[in-house]
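What follows is each chain in one-letter form.
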Amino acid sequence: MSTPFKTQLQRRMLLASVLVLALPCAHATSHSTSIEVWKDPNCGCCKDWVAHLEKSGFTVKVNQNGNDVVRERLGMPRQLGSCHTALVGGYVIEGHVPANDVKRLLKEKPAAIGLSVPGMPVGSPGMDGAVYGGRKDPYDVLLVSKDGSSRVFQGYR
């Protein structure tokens, strides 16, 4: 094999390697993140929150057996509880947390248990249907630390 041909072949192989390495990055933006949700089978607002996640690109696995036991097992303080609990990327998501806040959590990766929207505030995702007539109550998404304390992660006014 002559040297010029060998050099040209090496360039093509290098270019092919670069293109192959770039392919996963190109697909990363369209890749969805899996999230597992525990909820009561009869809860309509939980179903609407799941639909909100799916519209935002999440792949959702739903468990219809309630969330009290799993919330406790995952370490989310009871006083920060809501009607559904989820697990994504090692973080607990409690209640009607907006999908964009879940994405931000996964991007920033803070040392924390996860996020919580305690209760069921009207206007939060899943609690924003036509039955509420466009009403939006103020609420906070809380970042819950491993010691059980919390601080505002994102406020909605």
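In this text the structure is predicted, and so the values were computed from the model without any measurement.

Formed by 23 residues in total, the largest nonpolar core has its most connected members in Ile35, Leu53, Phe58, Ile93 and Leu115. Put simply, the parts of the chain that give this core at least two residues each are β1 (34–39), α2 (44–55), β3 (84–88), β4 (91–95), α4 (99–108), β5 (114–117) and β6 (139–144). Take this core: its biggest share by element is four residues, from α4. Setting aside anything within four residues of it in sequence, one finds Phe58 in contact with Ser32, Thr33, Ile35, Leu53, Val88, Ala99, Val102, Lys103 and Leu106.

Here the largest pocket defines a volume of roughly 170 Å³. What lines the largest pocket is simply Pro98, Gly123, Ser124, Pro125, Asp128, Lys136, Asp137, Pro138, Tyr139, Tyr156 and Arg157. Of the residues that constitute the lining of the largest pocket, the class distribution is five nonpolar, two polar and four charged.

A separate point is the state of the cysteines. What the rule picks out here adds up to zero disulfides. Cys45 takes part in no disulfide bond, and the closest cysteine sulfur to it belongs to Cys43, at a distance of 3.4 Å. No disulfide involves Cys83; its nearest neighbouring cysteine sulfur is the one of Cys46, lying 3.5 Å away.

Next up on the list: the pattern of salt bridges. Applying the stated criterion across every chain, the model contains six salt bridges. For Glu108, the salt bridge is made with Arg104, and the minimal N-O distance between the two is 2.9 Å. Taken together, the positions of Glu108 and Arg104, both in helix α4 and four residues apart, correspond to about one turn of that helix. For Glu108, a relative accessible area of 46% gives the class partly exposed.

Of the residues in the protein chain, 80% have a pLDDT of 70 or more, and the chain-wide mean is 86. Across residues 11–30, confidence stays below pLDDT 50; counting only partners more than four residues off in sequence or on other chains, it has zero contacts.

We now examine unusual backbone geometry. Glycine aside, negative phi is the norm for most residues, and most peptide bonds take the trans geometry. One non-glycine residue, Lys109, lies in positive phi territory at about 50°. Structurally, the position occupied by Lys109 is in the loop between α4 and β5. Assessed through its relative accessible area of 60%, Lys109 is described here as exposed.

Reading the values: the criteria
Throughout this description, residue numbers start from 1 for each chain and increase along the sequence as written. Side-chain atom pairs in this predicted model are given and counted only at pLDDT of 80 or more, local residue features only at pLDDT of at least 70, and totals for whole chains, interfaces and linings cover all residues. With hydrogens and water set aside, each side-chain value is computed from the structure's full complement of heavy atoms. Residue types Ala, Val, Leu, Ile, Met, Phe, Trp, Tyr and Cys, when buried and joined through side-chain atoms within 4.5 Å, form a set referred to as a nonpolar core. The classification of residues rests on relative accessible area computed with a 1.4 Å probe and restricted to protein chains. Under 20% of the type maximum is buried, over 50% is exposed, and intermediate values are partly exposed. Helix and strand definitions follow DSSP, with helices as H or I runs of at least four residues and strands as E runs of at least two, each counted in order from the N terminus. Only heavy atoms enter the contact rule, under which two residues are in contact if any of them lie within 4.5 Å. Cavities and pockets are defined on a 1 Å grid built over the protein atoms alone: a cavity is a set of grid points where a 1.4 Å probe fits but cannot escape, while a pocket is an open set with protein on both sides within 12 Å along at least five of seven lines, and lining residues are those with an atom within 4 Å of any such point. Grid points are joined across faces, edges and corners, and a volume is the space filled by probe spheres set on the points. Residue type decides the class: Asp, Glu, Lys and Arg count as charged, Ala, Val, Leu, Ile, Met, Phe, Trp, Tyr, Cys and Pro as nonpolar, and the leftover types, Gly among them, as polar. Count a disulfide wherever a pair of cysteine sulfur atoms falls within 2.5 Å. Only one rule defines a salt bridge in this text: a Lys or Arg side-chain nitrogen within 4 Å of an Asp or Glu carboxyl oxygen. Confidence of the predictor at the level of single residues is given by pLDDT, which spans 0 to 100.

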